[in-house]
Amino acid sequence: MIEDEQIDLLLSDLFELYGYDFTHYARASLKRRINRVWSLDKFPSFAELRYRLRTDTEYIKRFVEELTVNVTEMFRDPSFYKSLRLDVLPTLAAKPFIRIWHAGCSTGEEVFSMAILLKEAGLLHKSLLYATDLNPDVLASARKGIVALSQMKQYSENYLLSGGKADFSMYYTAQYGYAKFLDELAERMVFSTHNLVSDRSFNEFDMILCRNVLIYFDKALQQRVLSLFDESLGLLSYLALGAKETLRFSSLEAKYRPLNGEKIWRKIA
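Described in the following lines is the structure provided in the data block. Not measured: the values here are computed from a predicted model.

The strand order across the open sheet formed by 3 strands is S3-S5-S4, and the pairing between neighbours is antiparallel. Only two strands of the sheet have a single neighbouring strand rather than two, namely strand S3 (146-148) and strand S4 (172-175). Recorded for the sheet is a direction-independent mean angle of 30° between the axes of neighbouring strands. Strand direction decides the pairing type here: S3 and strand S5 (residues 178-181), joined by 3 bridges, are antiparallel. Looking at the pairing, Ala148 lines up with Tyr178 of S5.

What follows is the structure, encoded as structure tokens:
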């Protein structure tokens, strides 16, 4: 088991050598993940782990991937996507151009879900989806638009529960056990690395989705990231958070109105 003082050393190394700042991630979750890597990779000592992190740039990719949470699926939480269909997209339809930011997009399933919603609403042709993540490896995976075919049954069920009416298989081609999404969807996406901890706003958006990312940050970092989103949203734009995340008790609460429980918020001031 790695102790708190040793975790401090690892976090200091990650920041000083590679620019990854995990110091404001929720400590209990971070400690659990670091100990999981320690256990999986069977290091004989803490010194060995630290040496590997300081000298092996390939290993750094694996380590960061284990620390950043990459759990996602298409149309995850179908009621959320149903609310996007019914409550959000009709109001965005009047805009001449729609910019949407998926922050912490992981392997891209939610970005492709959004592209399908936009296509079905007749809005994809005038939309641009910016998909960002800290981890360049998961972005490379997202860019390909390829997922295991075995997952499509669940994704199809989620799609139907979200209000989808089409045959879900029309959105991908299947080959050799994998499904590849249509180029028409991917052409409206821009993938880029972005660090929510240290990077600044890069555009003004009509909607930002950052679901189940803030729960891994401490309160100070949550506030910093929410302020970044606020800076990036125009008036009457939307912010979508995860089921256990909220703007309540933040300094921004008065500027937003909850639209769907506490999952979707609209900027009113």
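Phi is positive for Phe75, which is not a glycine, with a value near 50°. The residue Phe75 is located in the loop between helix H4 (57-67) and helix H5 (78-92) in this model.

Summed over all chains, the structure comprises 22 salt bridges. Across the pair Lys31 and Asp4 runs a salt bridge, and its minimum N-O distance is 3.4 Å. Of the two residues, Lys31 sits in helix H2 (residues 27-40) while Asp4 sits in helix H1 (residues 4-18), which places them 27 residues apart along the sequence. According to the relative accessible area criterion, Lys31 is partly exposed, its value standing at 23%. Judged by relative accessible area, Asp4 falls into the partly exposed class, the value being 34%. Its salt-bridge partner being Lys61, residue Glu58 comes within 3.4 Å of it at the nearest N-O pair. Linking Glu58 with Lys61, this pair stays in helix H4, spanning 3 residues, or about one helical turn.

Its place among the elements puts Lys126 in the loop between helix H6 (109-120) and strand S2 (127-133). In this structure, Lys126 is buried with no salt-bridge partner, the nearest side chain bearing the opposite charge being Asp206 at 9.4 Å. Looking at Lys126, its side chain comes within polar contact range of the main-chain oxygen of Lys95, at 2.5 Å. Ignoring any residue separated from it by four or fewer positions in sequence, one finds Lys126 in contact with Ala93, Ala94, Lys95, Pro96, Phe97, Ile98 and Arg188.

Thresholds applied
- Residues numbered from 1 in each chain as written.
- Predicted model: local features only at pLDDT ≥ 70, side-chain atom pairs only at ≥ 80, totals over all residues.
- Heavy atoms only, no water.
- Pairing = 2+ DSSP bridges.
- Helix = DSSP H or I, 4+ residues; strand = E, 2+ residues; numbered from the N terminus.
- Axes fitted to C-alpha atoms, helices over the stretch in contact; angles between N-to-C directions.
- Salt bridge = Lys/Arg side-chain N within 4 Å of Asp/Glu carboxyl O.
- Buried < 20%, exposed > 50% of the residue type's maximum accessible area, 1.4 Å probe, protein only.
- Lys, Arg positive; Asp, Glu negative; His and termini not counted.
- Polar contact = N/O pair within 3.5 Å; in protein donor to acceptor, adjacent residues only side chain to side chain.
- Contact = heavy atoms within 4.5 Å.

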